[in-house]
Amino acid sequence: VAGELRKMTAFIRQEALEKSNEIMMKADEEFAIEKSKLARQETAAIDSSYEKKFKQASMSQQITRSTVANKTRLRVLSARQELLDDLFEKARAKLDSYTKDKAKYEDICKNLILEGLYALNESKLQIRAKKADYDIVKKAIEEAEKEYKSKVEKDISVTINESDPLPEGFAGGVFIVGTGGKIDINNTFEERLRLLETDALPSIRVTLFGDNQNRRFHD
C-alpha cells in the first residue's frame, strides 16, 4: 500500500509539474503577446504624436518663413518707393534750372506750344504762362506758328492771355487754351513730370531694380 501510495503521489506530482509548466509556458506566451501588443500601441502612439508635432513644427516654420519673407518684401518695397519718391523730388527741384538757359527754354516752350496746336487743331488759341516768361513765350509762339503753318498749311493765331497768368510758383511751361476757354492742355513742367511719374514708372523701375521675376505678364 505504501508503494502504491508513493507511485500515486509521484504521478500526481509529475502531472502537477507538467500542468504548472504548461501554465507557465502559456502565461509567458500571453505575456509576450500582450507585451508586443502594448509595445506596438505605444510605438504607434509615439509615432502619431511625433508626426503631429512634426506637422505643427513644419507649419509653424512655414508661417514664420512666410512672415519674415513678407516683412522683408515690404521693407524692400518701402525702400524702393522711398528711392523713387526721392528721385522724383530731386527732379522736381531741378525743374527751375531748365528755364535759366533762355535759348533752350524758348525751344522747349515752342515744342510744348506746338504739341497743343496739333492736338487742338483750331485757328485761334491762347497761351497761359507766367508773367516772367512772357518775352520768351512770345518768341516761342512766333516759331511755333511758323512751324505749324508750314506743316499743316493752315493759318493760326496764338496769343498770350495776359489777364490770366500762371502763378509764379510754377517752374515753367504753358497752358494751351482753345474752344473759347473750354478746353486746355496743361503743358507745364510740373504736369509733364507728373505724367512721367505715371507713364515712365515701369521702365524706371526696371532700370533701377531690374526685371520683376514674379511678374508673369508684361505690357
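An unreviewed UniProt entry lists the chain under the name ATPase, V1/A1 complex, subunit E, with Cenococcum geophilum 1.58 as the source organism.

Draft legend 1. View of the overall build of the chain. What the chain contains, in helices and strands, is five helices and four strands. Each helix and strand of the chain, ordered N terminal to C terminal, gives the series α-α-β-α-β-β-β-α-α. Taking 2.2 N^0.38 as the reference for a compact globule, 219 residues should give roughly 17 Å; the C-alpha atoms of the chain span a radius of gyration of 47 Å, well beyond that estimate. Projected onto its principal axes, the C-alpha coordinates of the chain cover approximately 160 × 30 × 30 Å. Out of the 219 residues belonging to the chain, those deemed buried represent 22%. Long-range contacts, defined as pairs at least 24 residues apart, comprise 73% of the intrachain contacts of the chain with a sequence gap of at least 6. Of the roughly 16400 Å² that the chain leaves accessible, carbon and sulfur atoms contribute 55%. Averaging the coordinates of the 39 positive side-chain charges in the chain and doing the same for the 39 negative ones gives two points 5 Å apart.

Draft legend 2. Representation of the pairing of strand E1 (residues 124-128). Bridging between E1 and strand E2 (residues 157-160) involves four bridges; their strand directions are parallel. From the neighbouring strand, Leu125 faces E2, where its bridge partner is Val158. With three bridges joining them, E1 and strand E3 (residues 173-178) adopt antiparallel strand pairing. Within E3, the residue paired with Arg128 across the bridge is Phe175.

Draft legend 3. Structural detail: the side chain of Asn187. Here Asn187 is to be found in strand E4 (residues 183-188). At 3.3 Å, the side chain of Asn187 forms a polar contact with the side chain of Glu115. A polar contact of 2.9 Å, which involves the side chain of Asn187, links it to the side chain of Arg192.

Draft legend 4. The arrangement of the confidence of the model for the chain in detail. The pLDDT averaged across the chain works out to 88; a share of 96% of its residues lies at or above 70. At the level of individual helices and strands, the chain shows its lowest average pLDDT in helix H5 (residues 201-209), which scores 77, and its highest in E1, which scores 95.

Draft legend 5. Geometry of helix H3 (residues 134-152). When the terminal C-alpha atoms of H3 are compared, their 26 Å separation across 19 residues agrees well with the 27 Å that a helix rising 1.5 Å per residue should span. Of the surrounding elements, those touching the buried residues of H3 are helix H2 (102-120), E1, E2 and E3. Looking one or two residues beyond H3, the residue adopting positive phi is Glu153, at roughly 60°.

Draft legend 6. How the structure looks around the nonpolar core. Grouped together as the largest cluster of nonpolar side chains are 32 residues, with contacts concentrated most on Ile113, Leu117, Ile127, Val137, Ile141, Val174 and Ile176. Of all elements in the fold, only helix H1 (2-93), H2, E1, H3, E2, E3, helix H4 (189-199) and H5 reach the threshold of two or more residues within this core. Discounting chain neighbours no more than four positions away, the residues touching Ile113 are Ile127, Val137, Ala140, Ile141, Ala144, Val174 and Ile176.

Draft legend 7. Looking closely at the pairing of E2. Side chains of E2 alternate between two faces, with Val158 and Ile160 buried and Ser157 and Thr159 left unburied. Considered for its hand, the β-α-β crossover made up of E1, H3 and E2 is right-handed.

About the cut-offs
- Residues numbered from 1 in each chain as written.
- Predicted model: local features only at pLDDT ≥ 70, side-chain atom pairs only at ≥ 80, totals over all residues.
- Heavy atoms only, no water.
- Helix = DSSP H or I, 4+ residues; strand = E, 2+ residues; numbered from the N terminus.
- Rg over C-alpha atoms; globule rule 2.2 N^0.38 Å.
- Buried < 20%, exposed > 50% of the residue type's maximum accessible area, 1.4 Å probe, protein only.
- Contact = heavy atoms within 4.5 Å.
- Areas by Shrake-Rupley, 256 points an atom, 1.4 Å probe, with all protein chains shown as cover.
- Lys, Arg positive; Asp, Glu negative; His and termini not counted.
- Charge placed at Lys NZ, Arg CZ, Asp CG, Glu CD.
- Pairing = 2+ DSSP bridges.
- Polar contact = N/O pair within 3.5 Å; in protein donor to acceptor, adjacent residues only side chain to side chain.
- pLDDT = per-residue confidence, 0-100.
- Expected span 1.5 Å × (residues − 1).
- Core = buried A, V, L, I, M, F, W, Y, C linked by side-chain atoms within 4.5 Å.
- Right-handed = clockwise from strand over helix to strand, strands pointing away.

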